[in-house]
Amino acid sequence: RRKLSLGASRAHTESAGLRTMLRAPLSRGMASAAGKVVVAPRRRSRLALRAPIQLTETAAERIKELLDRRRESGGGDDGPAALRVGVKTRGCSGMSYTMNYATEKKKLDEEVVEHGVTVWIDSAALMHIVGTTMDYVEDDLSAEFIFHNPNAEGSCGCGESFTTKPLDIGRADG
């Protein structure tokens, strides 16, 4: 077996660039000998992220009315800044929606601003209501917020509570 020395390989190179690279100290590694590393600029996403919950115009108008009325009765600027939407474990189907006035955003709340109103989504509720459309409907007998939730698998007879589809984490189809 014949050993090829670094000196012998230098003698056989004709390219000045390669000769310079072979003379570079071995402790610097190939990255420093190969040249400058250029990082491409980050590309901005072409698609904007969708909000976790969509508000219809009628829902936004009603939320604005409720927030304004609460601010007027509360003394002006000390009133609620937004509406917080969440879910609680209750009802015959398992979960029901909660809506509360909120003066400040919690650390992990998701903020949705649509049609001029702000809604904060409780972080614990996010996986149950992502993709939901919130509407406000008035008829002769009732006026209520309606949640069109694609994650809901079933609801009770009165429509006040719902269950969501179980997560299929780690399962492969087929």
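Residues numbered from 1 in each chain as written. Predicted model: local features only at pLDDT ≥ 70, side-chain atom pairs only at ≥ 80, totals over all residues. Heavy atoms only, no water.

*Asks:* Could you give an account of the overall build of the protein chain, with specific residues and numbers?
*Replies:* Regarding its fold elements, the protein chain presents five helices and nine strands. For the protein chain, the succession of helices and strands along the chain, N to C, is α-α-α-β-α-β-β-β-β-α-β-β-β-β. Partitioning the contacts of the protein chain with sequence separation of at least 6, the portion at a separation of at least 24 is 46%. A total accessible area of about 13,200 Å² is found for the protein chain, and carbon and sulfur atoms account for 51% of it. (Helix = DSSP H or I, 4+ residues; strand = E, 2+ residues; numbered from the N terminus. Contact = heavy atoms within 4.5 Å. Areas by Shrake-Rupley, 256 points an atom, 1.4 Å probe, with all protein chains shown as cover.)

*Asks:* Any details on the pattern of salt bridges? Residues and values, ideally.
*Replies:* Across all of its chains, the model carries four salt bridges by this definition. Measuring nitrogen to oxygen at the nearest pair gives 3.2 Å for the salt bridge that ties R62 to E65. Residue R62 and its partner E65 are located together in helix α4 (residues 57-74), separated by three residues, close to a single helical turn. The residue D68 makes a salt bridge to K64 at a minimum N-O spacing of 3.2 Å. (Salt bridge = Lys/Arg side-chain N within 4 Å of Asp/Glu carboxyl O.)

*Asks:* Account for the confidence of the model for the protein chain, naming residues and giving values.
*Replies:* Here the protein chain shows a mean pLDDT of 75. Residues at 70 or above account for 59%. When the criterion is pLDDT under 50, residues 8-15 qualifies, and its contacts beyond four places in sequence or with other chains add up to eight contacts. Below pLDDT 50 for its whole length, residues 17-22 participates in eleven contacts with residues either more than four positions away or in separate chains. (pLDDT = per-residue confidence, 0-100.)

*Asks:* I'd like a rundown of the nonpolar core, residues and numbers included.
*Replies:* In this structure, I63, I121, I129, M134, F145 and F147 are the most contacted members of the largest nonpolar core, which totals 22 residues. Of all the secondary structure elements, the ones that give two or more residues to this core are β1 (53-55), α4, β2 (82-89), β3 (95-102), β5 (117-121), β6 (132-138) and β7 (143-148). Looking at this core, the element that brings in the most residues is α4, giving five residues. (Core = buried A, V, L, I, M, F, W, Y, C linked by side-chain atoms within 4.5 Å. Buried < 20%, exposed > 50% of the residue type's maximum accessible area, 1.4 Å probe, protein only.)

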